[in-house]
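Now for the letters of each chain:
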Amino acid sequence: TRPPTATPTPTATAPKPTVTPTKTPPSNVNVGIMNSRARDLRRPAYPSIAKQAGASGQVVVQVSIDEQGNVVSAKAVSGHVLLRVPAEAAARQSSFNPVKVGDTPIRANGTIVYNFINQ
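Residues numbered from 1 in each chain as written. Predicted model: local features only at pLDDT ≥ 70, side-chain atom pairs only at ≥ 80, totals over all residues. Heavy atoms only, no water.

(A) The nonpolar core, seen in detail. Ranked by size, the top nonpolar core spans 22 residues in total, and within it Val 61, Val 63 and Tyr 114 carry the most contacts. Listing elements by their share of this core, those giving two or more residues are strand 3 (57-65), strand 4 (71-78), helix 2 (81-93) and strand 7 (104-116). If you tally residues by element for this core, the top one is strand 7, at 5 residues. Excluding residues that lie within four positions of it along the chain, Val 63 makes contacts with Met 34, Val 71, Ser 73, Ala 74, Ala 91, Ala 108, Asn 109, Gly 110 and Ile 112. (Core = buried A, V, L, I, M, F, W, Y, C linked by side-chain atoms within 4.5 Å. Buried < 20%, exposed > 50% of the residue type's maximum accessible area, 1.4 Å probe, protein only. Helix = DSSP H or I, 4+ residues; strand = E, 2+ residues; numbered from the N terminus. Contact = heavy atoms within 4.5 Å.)

Shown next, in the form of structure tokens:
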């Protein structure tokens, strides 16, 4: 006959502490085209060299805004090369209504679309 085998006695485990996650708003969201959110959307200068070269069309500028709606960075991502610098400069001088999650203003990314028409 076989001797009885010992089975381990279950040990009591300490209950796991309950962690209630705090809801923190996202730190940076993309809000798409921001022209309609502008408090003050500056118009870019139309350089005479760009006019002479016949440069026209849309320039899209990617911007980041802080919690107060101030532009902290601006980079043209498309458009005629002669129109990008003035579009970026105008974007940096613009301001927007803050983006909020609930009642909390947050940082946000988006785009500004400028249309240059050579007449």
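Read on, since the account is not over.
(B) Broad picture of helix 2. For helix 2, every residue scored as buried is listed here: Leu 83, Pro 86, Ala 87, Glu 88, Ala 90 and Ala 91. The secondary structure elements touched by the buried residues of helix 2 are helix 1 (48-52), strand 3, strand 4 and strand 7.

(C) Structural detail: a nonpolar patch on the surface. A grouping of Ile 49, Val 81 and Leu 82 is seen on the molecular surface, where their side chains present a nonpolar patch of about 280 Å² in accessible area. Along the chain, Leu 82 turns up in helix 2. Among the residues examined, Leu 82 registers a relative accessible area of 32% and is labelled partly exposed. (Patch = residues over 30% accessible without salt bridge, like charges linked within 9 Å, V, L, I, M, F, W, Y side chains within 5 Å. Areas by Shrake-Rupley, 256 points an atom, 1.4 Å probe, with all protein chains shown as cover. Salt bridge = Lys/Arg side-chain N within 4 Å of Asp/Glu carboxyl O.)

(D) Structural context of the pattern of salt bridges. The tally for this structure, following the rule as stated, stands at 3 salt bridges. Note that Arg 42 is salt-bridged to Asp 40, the shortest N-O span being 2.8 Å. Taking the relative accessible area as the measure of exposure, Arg 42 reaches 35% and is therefore partly exposed. Arg 107 is the salt-bridge partner of Glu 67, the closest N and O atoms lying 3.8 Å from each other. Of this pair, Glu 67 sits in the loop between strand 3 and strand 4 while Arg 107 sits in strand 7, and the two are 40 residues apart along the sequence. Its relative accessible area of 29% is what places Glu 67 among the partly exposed residues.

(E) Region of interest: the side chain of Asn 109. Tracing the backbone through its elements, the reader meets Asn 109 in strand 7. Here Ser 64 takes part through its side chain, which lies 2.6 Å from a polar atom of the side chain of Asn 109. When near neighbours in sequence (up to four residues on either side) are disregarded, Asn 109 contacts Asn 28, Val 29, Asn 30, Val 31, Gly 32, Met 34, Gln 62, Val 63 and Ser 64. (Polar contact = N/O pair within 3.5 Å; in protein donor to acceptor, adjacent residues only side chain to side chain.)

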